[in-house]
Amino acid sequence: MRFQLAALSLRRHASRTLLAVLGVAVSAAMLLDMVMLATGMRQSFATLLGRNGFTIRVSPRGTLPFDTEATIAQARDATITMQRIAGVTAVAPVLGTTIHVLGGPNPVTAFALGVDPAVQGDYELLEGREPVADALVASDALLRATGARIGDTLDVAIGFDPQIRTYTGRRRVVICGRARFTYLSADDRAAALPLASVQAMGGPDRSDRVSLFMVRTAPNVDPEATRLAIERALPRVTALSTAGAIAEAEHRLSYFRQLAFILGAVSLIVGFLLVTTIVTVSVNERIGEIAIMRAIGVSRSHVVHQIVIEGIGLSLTGAAAGLILGVFTARWLNSILRGFPGLPDAIDFFLFQPNSAFRALALLVASGVAAGIYPAWRAASLPISATLREEAVG
Amino acid sequence: MAPWEAAVRTIAIDQRLAADAGLRVGDLVVLAAEPGRANGDTVRIAAIVQRRADPSEVARSEYRIRMHLDQLQRIVGYGDRVDRFAIATAGGAAADSALRRINSVAFGFRAYPSREIAVETSKTFVVVSRFHRAIGMITIVASATFLLCIMLLKVDERRRDVAAMRLMGISRATVVRTVILESSFVALLGSLFGVGLGFVTSALVNAHYQAVYRTPLRFAIVTPGTVAYSVLLSLVLGIGAGALAARRLARTAPLTLFGR
Amino acid sequence: MSGQPLLLLRDAHRDYPHSGEPVHAVRGVSLDITQGEYVAIIGPSGCGKSTLLNLLGAIDRPTKGSVTIGATAVSTLPDKAATHFRLTNIGFVFQRFYLLPVLTAQENVELPMAEAKVPATERRSRARELLGYVGLAARADHRPAELSGGEQQRVAIARALANRPIVLLADEPTGELDARTGGDVIALFDRLNRDGMTIVVVTHDEKLAGAARRVIHMLDGRIVRDEPLLRRA
């Protein structure tokens, strides 16, 4: 009968109950979104970095991968040194640069990666074959911009001398494949060529140089130990493990995590306050009824249970509605943040993880329980005769 | 001073580098293009400078030094090259004419007004701004719902008073006006409190993030426009919620309000 | 009517603090009520009769003295035990009916039985039976707002009888009713007493007091006159 009484009491003031549920739903949606934001970035970044099995990134000392235009000299020697370190199973060199595709009315500028196709981890071949000398794989955006297809030949240059208005490092390359670039956005014009081709096109400035090494370690090897070994063997580089990269990214994006925490906490507090207020007012209106129930022999705990059930009902219904609302608002907010320039396609800021989501909502429902307990206990503990007297007078 | 010290050139470093590397004015350091190079240029630190409040530098942990152009060109092997020129002009019209003149005679480079560059490099902050606006909208919806709920409850609590007033002959309009007046007062007080809280919070946010990112940049700024917008919005919401609740109460028959 | 006292008050006092000074609502009242009696307690407003009824109903505890109902010293029971005692032994009827507005008449009568963990089928049938007893079988599915004052009070009486109490206590049961409906309630009490129920009513209503078999007069917290076996008109 307690559930029946609780449900009827909530229905008694339907518009008030509906508003309260709506308020809790918005709080729940906000809480869910903030939980998704707090965990989403880290999770999707970790997934992105670990996608091709590379656990360590090696960049010029004091820099992060592609943070600056600095490069690592004596790349061949560095590769051999790292391959000799215990636990290293693959070393993938990457040289990043800009290329200009000539021939059309306006040159098309694209980001190019010089890679070793046998061990690369920067793109996924969708069509065609891996590039060999004088061939490249291109992103869909680059193909669209140039109007080219697989099999076409492009006139590309690696540099532009503004003094004499001449493109340098020119070469004719064949488009041998179409690829999706893992660490770039879908709108980025990008191409991948063999490392030796890019180094040759870059002239002495790029000879035997790379921007980055990606290192794969054996499954049972501690990446941190390997990372330290690389830094010891090559003092002119900085080695970053996946965990370190995530930590660095989190530091740079710490604002979002802190915002998520603060807004999440505020949502929880607001939801709690709303349920407390509703339950308190509802209880105050029914003080006389509660005193009667106590007078006819209904126990204090029964009264508290019934009122707590009302609080749970509000919170649970609000949380369920908030779950649906939260998923939609998360998509909207995610679409806004995905507008960050240069953000890889694979990164999502808001990631729905059932465990985290349900834990957060369970916290909200628990706060609904707590919200009901105090006003319920207070009402159930009022002296019966005095309350009846006051209610009769009132 | 030793003879060789007279030939040492000077640089300025930023506060962050000074703090992290334990450097002070007067210290000698070696600058080189590659790490671990023994034969770089020995220079003296002549000044420690504060970083500009540049949003684009906030999340980057890099250090900055200022040195003589020719020395840097020589150390990195850049030759007689620069990345860009920054040109100061006498004012708006002078800037436009300088722009036109430079672009007409430019040989291999182009001049842009600073604001165009600012827009281009601000895309990240445009995204952050849109995100904040979206969060703001959600917060407003949540606040409006909460406000309406609380107003309904508070006005409902007064229904016996309202019933007594109506039975005495006081008109619906007077009842509604009284409730709206009360809710306006509460909304106004709440708005003023909220503005104060906003000032305090923005000061805390700035203090916190300036320390975290080691920058003089102000992350939160409370402007007269922001205050006016917020106060207006909260007044509209508060009074609107009170009006809705009052109308609902006034429409109910007095005896029903008494529970009969 | 058995000669055994069912309700016993011995030197019962009840004081309330009021602006720093104690108010002596009940002062040293001793009272025996035997099983099957029909007692009316009358007196001016503020004389302590409702407070006395609350002491008898284990709703309140005396500041001094004792209250025994049956074999149970209710004045020393902890709250939980007192609550359970009320549920299973006392039937209470109030001036303002106090039915739960969200429940139907039947559900209001079932409420104490649900609390006493009576199975659903049993309590539904007993509730119907009780509503039939008070003449409201046809109104079982109506909510209090759809019932007249007299009907509501009869539902309240049926609710008070739900768990087969040993005594029925009523505080101004006709206070909110007109003469005709009040008469219906008085007739019902009379019938209950003839069926063996021990009844104690607090009232200003002369007709109700006249229907009782014993009248206790109170003044300033004390019993000033006790007239058992009042002759009926």
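## So, the packing of aromatic side chains
Pairs of aromatic rings are described using the distance from one ring centre to the other and the angle between the two planes. Tallied over the entire structure, the rule returns 12 aromatic pairs over all chains. Judged by centre distance (6.1 Å) and plane angle (15°), the ring pair of Tyr209(B) and Tyr213(B) falls under stacked. Placement of the pair is Tyr209(B) and Tyr213(B) together in helix 8 (residues 172–213), with a separation of 4 residues, close to one helical turn. Considered together, Tyr209(B) and Tyr213(B) belong to a single accessibility category, that of buried residues. Between the NZ or CZ atom of Arg216(A) and the centre of the ring of Phe54(A), over which it lies, the distance is 4.3 Å.

## What about the sheet that holds strand 6 (residues 90–93) of chain C?
Residues and elements named next belong to chain C. With respect to topology, 6 strands assemble into an open sheet ordered 6-7-8-3-9-10, the strand pairing being mixed. This sheet does not close on itself; its edge strands, each paired only once, are strand 6 and strand 10 (222–228). For this sheet, the mean inter-axis angle between neighbouring strands, taken without regard to orientation, is 15°. Both strand 7 (residues 167–171) and strand 8 (residues 198–202) contribute to a ladder of 5 bridges, which runs parallel. By the bridge assignment, Leu 169 is partnered in strand 8 with Val 200.

## Looking at the domain arrangement of chain A
All names here are of chain A. Under the domain assignment, chain A is made up of domain 1 (2–48 + 252–393) and domain 2 (62–235). Using C-alpha coordinates to define each centre, domain 1 is positioned 51 Å away from domain 2. At the interface, 5 residues of domain 1 touch 7 residues of domain 2. Taken together, the two surfaces of domain 1 and domain 2 that pack against each other cover about 520 Å², and 48% of this comes from carbon and sulfur. Considering only the side of domain 1, the residues that lose the most area to domain 2 are Leu 48, Arg 252 and Asp 345, jointly responsible for 67% of the buried surface there. The interface formed by domain 1 and domain 2 contains 0 salt bridges. Our enumeration of links across domain 1 and domain 2 arrives at 0 residue pairs in polar contact (both at pLDDT 80 or more). A breakdown of the residues in the side of domain 1 that touches domain 2 according to their chemical character gives 3 nonpolar, no polar and 2 charged.

## What to know about the interface of chain A and chain C
Across the contact, 24 residues belong to chain A and 23 residues belong to chain C. Carbon and sulfur atoms make up 64% of the surface buried where chain A meets chain C, a total of about 2,300 Å² over both sides. Contact with chain C buries area across many residues of chain A, yet Met1(A), Ile292(A) and Ile296(A) alone supply 28% of it, more than any other trio. Connecting chain A to chain C are 2 salt bridges. Arg294(A) is the salt-bridge partner of Asp79(C), the closest N and O atoms lying 3.0 Å from each other.

## Some words on the interface of chain B and chain A
Taken together, the contact pairs 37 residues of chain B with 46 residues of chain A. Interface area, chain B with chain A, both sides summed: about 3,700 Å², of which 67% is carbon and sulfur. The tally of links from chain B across to chain A stands at 0 salt bridges. The tally of links from chain B across to chain A stands at 3 residue pairs in polar contact (both at pLDDT 80 or more).

## Describing the sheet that holds strand 2 (residues 28–31) of chain B
All names here are of chain B. A sheet is described by the order of its strands in space; here 4 strands give the open sequence 2-3-1-4, paired in mixed fashion. Of all the strands in the sheet, just strand 2 and strand 4 (65–66) have a single pairing partner and so form its edges. Sheet topology note: the strand 1 (residues 9–14)/strand 4 ladder contains 2 bridges and is antiparallel. Among the inter-strand pairings, Ala 12 is bridged to a residue of strand 4, identified as Arg 66. Along the sheet face, helix 3 (residues 69–76) touches strand 1, strand 2 and strand 3 (41–49) and points at about 135° away from the line of strand 3.

## Examining a nonpolar patch on the surface
All names here are of chain B. Where nonpolar side chains cluster on the molecular surface, the patch consists of Leu 69, Val 82, Phe 85 and Ile 87 and spans about 420 Å² of accessible area. Topologically, Val 82 is positioned in the loop between helix 3 and helix 4 (92–105). With a relative accessible area of 32%, Val 82 lands in the partly exposed category.

## Points about the environment of Thr97(A)
All names here are of chain A. Mapping Thr 97 onto the fold places it in strand 2 (residues 88–102). With a relative accessible area of 6%, Thr 97 lands in the buried category. Considered as a pair, Thr 97 and Gln 43 are 54 residues apart in the sequence and their alpha carbons are 29 Å apart. A polar atom in the side chain of Thr 97 sits 3.2 Å from the side chain of Arg 206.

## Some remarks on helix 7 (residues 242–252) of chain A
Structural remark: α-helix, 3.6 residues per turn; residues separated by three or four positions point the same way. Residues and elements named next belong to chain A. Of all the positions in helix 7, only Thr 242, Ala 245, Ile 246, Ala 249 and Glu 250 are classed as buried. Along the axis of helix 7, the buried residues cluster in a sector spanning 135°; they form a single face. The elements touched by buried residues of helix 7 are helix 2 (14–50), strand 1 (54–60), strand 12 (237–241) and helix 8 (254–285).

## Details of the nonpolar core
In this structure, Leu388(A), Leu9(C), Ile41(C), Leu52(C), Phe94(C), Leu169(C) and Val200(C) are the most contacted members of the largest nonpolar core, which totals 91 residues. Apart from residues no more than four positions distant in its own chain, Leu52(C) is found in contact with Leu9(C), Val26(C), Val29(C), Leu31(C), Ile41(C) and Met218(C). Core analysis: the second largest hydrophobic core is formed by 51 residues, Leu240(A), Ala245(A), Ile246(A) and Leu337(A) among them.

## Some remarks on the confidence of the model for chain C
All names here are of chain C. When pLDDT is averaged along chain C, the result is 89, and 97% of the positions lie at 70 or above. Looking over chain C, one finds the lowest element-wise mean pLDDT in helix 7 (residues 206–211), namely 86, and the highest in strand 8, namely 95. Predicted complex, confidence summary: ipTM 0.80, pTM 0.75.

## Things to note about the packing of helix 5 (residues 149–160) of chain C against helix 6 (residues 179–194) of chain C
All names here are of chain C. The interhelical angle for the contact between helix 5 and helix 6, taken along N-to-C directions, is 20°, at an axis separation of 9 Å. When the interaxial angle is binned, helix 5 and helix 6 end up roughly parallel. Crossing angle aside, the handedness with which helix 5 passes helix 6 is right-handed. Contact residues: helix 5 offers Gly 150, Gln 153, Arg 154 and Ile 157, while helix 6 offers Thr 181, Val 185, Leu 188, Phe 189 and Leu 192. Per-class residue counts for the contact of helix 5 with helix 6 are 5 nonpolar, 3 polar and 1 charged.

So, how was this worked out
Residues numbered from 1 in each chain as written. Chains lettered and ligands numbered in written order. Predicted model: local features only at pLDDT ≥ 70, side-chain atom pairs only at ≥ 80, totals over all residues. Heavy atoms only, no water. Phe/Tyr/Trp six-rings, centres within 6.5 Å; stacked < 30°, edge-to-face > 60°. Helix = DSSP H or I, 4+ residues; strand = E, 2+ residues; numbered from the N terminus. Buried < 20%, exposed > 50% of the residue type's maximum accessible area, 1.4 Å probe, protein only. Lys NZ or Arg CZ within 6 Å of the ring centre and 35° of its normal. Pairing = 2+ DSSP bridges. Axes fitted to C-alpha atoms, helices over the stretch in contact; angles between N-to-C directions. Domains from an automatic or database assignment. Contact = heavy atoms within 4.5 Å. Buried area = accessible area lost by both parts, 1.4 Å probe. Salt bridge = Lys/Arg side-chain N within 4 Å of Asp/Glu carboxyl O. Polar contact = N/O pair within 3.5 Å; in protein donor to acceptor, adjacent residues only side chain to side chain. Nonpolar A, V, L, I, M, F, W, Y, C, P; charged D, E, K, R; others polar. Patch = residues over 30% accessible without salt bridge, like charges linked within 9 Å, V, L, I, M, F, W, Y side chains within 5 Å. Areas by Shrake-Rupley, 256 points an atom, 1.4 Å probe, with all protein chains shown as cover. Arc of directions from axis to C-beta. Core = buried A, V, L, I, M, F, W, Y, C linked by side-chain atoms within 4.5 Å. pLDDT = per-residue confidence, 0-100. Parallel < 35°, antiparallel > 145°, perpendicular 65-115°, else oblique. Left-handed = near helix turned anticlockwise from the far one by under 90°.

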